[in-house]
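Results of the structural survey
Each chain is listed here by its residues.
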Amino acid sequence: MSFKTVATAAEVADAQAFVASHRDEGTTELFGITELCREFGITLRALRFYEDKGLLSPRRVNGARVYTRRDRARLALILRAKAIGSPLSEIKRYLDLYGDHGEGRVQQLQYVIDRTDAEIADLEKKRAQIDATLAELRVINTSCRSHLAERERIDKNQAK
């Protein structure tokens with residue numbers, strides 16, 4: 001026996017309103033926790049950690065975590081920033097600058113420019129130090145090879 005359920009217009013409207021209340025403006029997609037973890041190659045624990053640190057704020061629908069496109073974009077930024085060594089405190093500050101509707105975008109961009117300028121300068125300084133150390137090691141290596149070759153030549157001549 002087959003039962004068909006016919007939803008009334010009011011029920012459909014209520015369901016649509018419920019889903020809409022859990023979406024950001026202009027968002028048409030919602031993501032589950034497992035879906036995001038799979039997509040970004042992270043664990044459930046990592047995703048919950050970012051929530052605990054205030055970096056992500058999923059909605060709850062019937063007890064399940066639901067992420068919006070905004071949450072997904074924030075997660076992509078979090079992982080990208082982590083990959084270049086940014087601490088979570090800086091990542092949070094950067095994300096918080098954006099605001100709820102992008103009102104802090106200019107401040108966010110200026111923050112990124114300032115931070116990347118500083119990081120570039122620091123890395124260039126480190127590269128110069130590494131280049132100097134490599135040059136010194138090459139001189140030492142060449143000198144040691146030369147002394148060893150000379151010592152082996154002397155030992156060979158004495159053995160004759």
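Residues numbered from 1 in each chain as written. Predicted model: local features only at pLDDT ≥ 70, side-chain atom pairs only at ≥ 80, totals over all residues. Heavy atoms only, no water.

Counting 19 residues, the largest nonpolar core has I42, L47, Y50, L75 and I78 as its most contacted members. Mapped by element, the contributors of at least two residues to this core are α2 (33-40), α3 (44-52), α4 (69-83) and α5 (88-98). Per element, the largest residue contribution to this core is four residues, and it comes from α4. Once you skip the residues sitting within four places of it in the chain, I42 turns out to touch C37, L47, L75 and L79. (Core = buried A, V, L, I, M, F, W, Y, C linked by side-chain atoms within 4.5 Å. Buried < 20%, exposed > 50% of the residue type's maximum accessible area, 1.4 Å probe, protein only. Helix = DSSP H or I, 4+ residues; strand = E, 2+ residues; numbered from the N terminus. Contact = heavy atoms within 4.5 Å.)

On average, residues of the protein score 84 in pLDDT, and 82% of them are at 70 or above. Of all secondary-structure elements in the protein, the lowest mean pLDDT belongs to helix α1 (residues 9-21), at 53, while α3 reaches the highest, 94. Segment residues 1-7: pLDDT under 50, and two contacts once partners within four positions in sequence are set aside and those in other chains are kept. Low pLDDT, under 50, characterises residues 22-27; the stretch is placed with 14 contacts to residues that sit more than four places away or in other chains. (pLDDT = per-residue confidence, 0-100.)

Okay, the sheet that holds strand β1 (residues 30-32) next. With respect to topology, three strands assemble into an open sheet ordered β1-β3-β2, the strand pairing being antiparallel. The sheet is open, and its two borders are formed by β1 and β2 (59-61), each paired with just one other strand. For this sheet the average axis-to-axis angle between neighbouring strands, irrespective of direction, equals 45°. Relative to strand β3 (residues 64-68), β1 is paired through three bridges, and the arrangement is antiparallel. The partner of G32 across the bridge, within β3, is V66. The strands touched by α2 within the sheet are β1 and β3, with β1 carrying the most contacts at an inclination of about 85°. (Pairing = 2+ DSSP bridges. Axes fitted to C-alpha atoms, helices over the stretch in contact; angles between N-to-C directions.)

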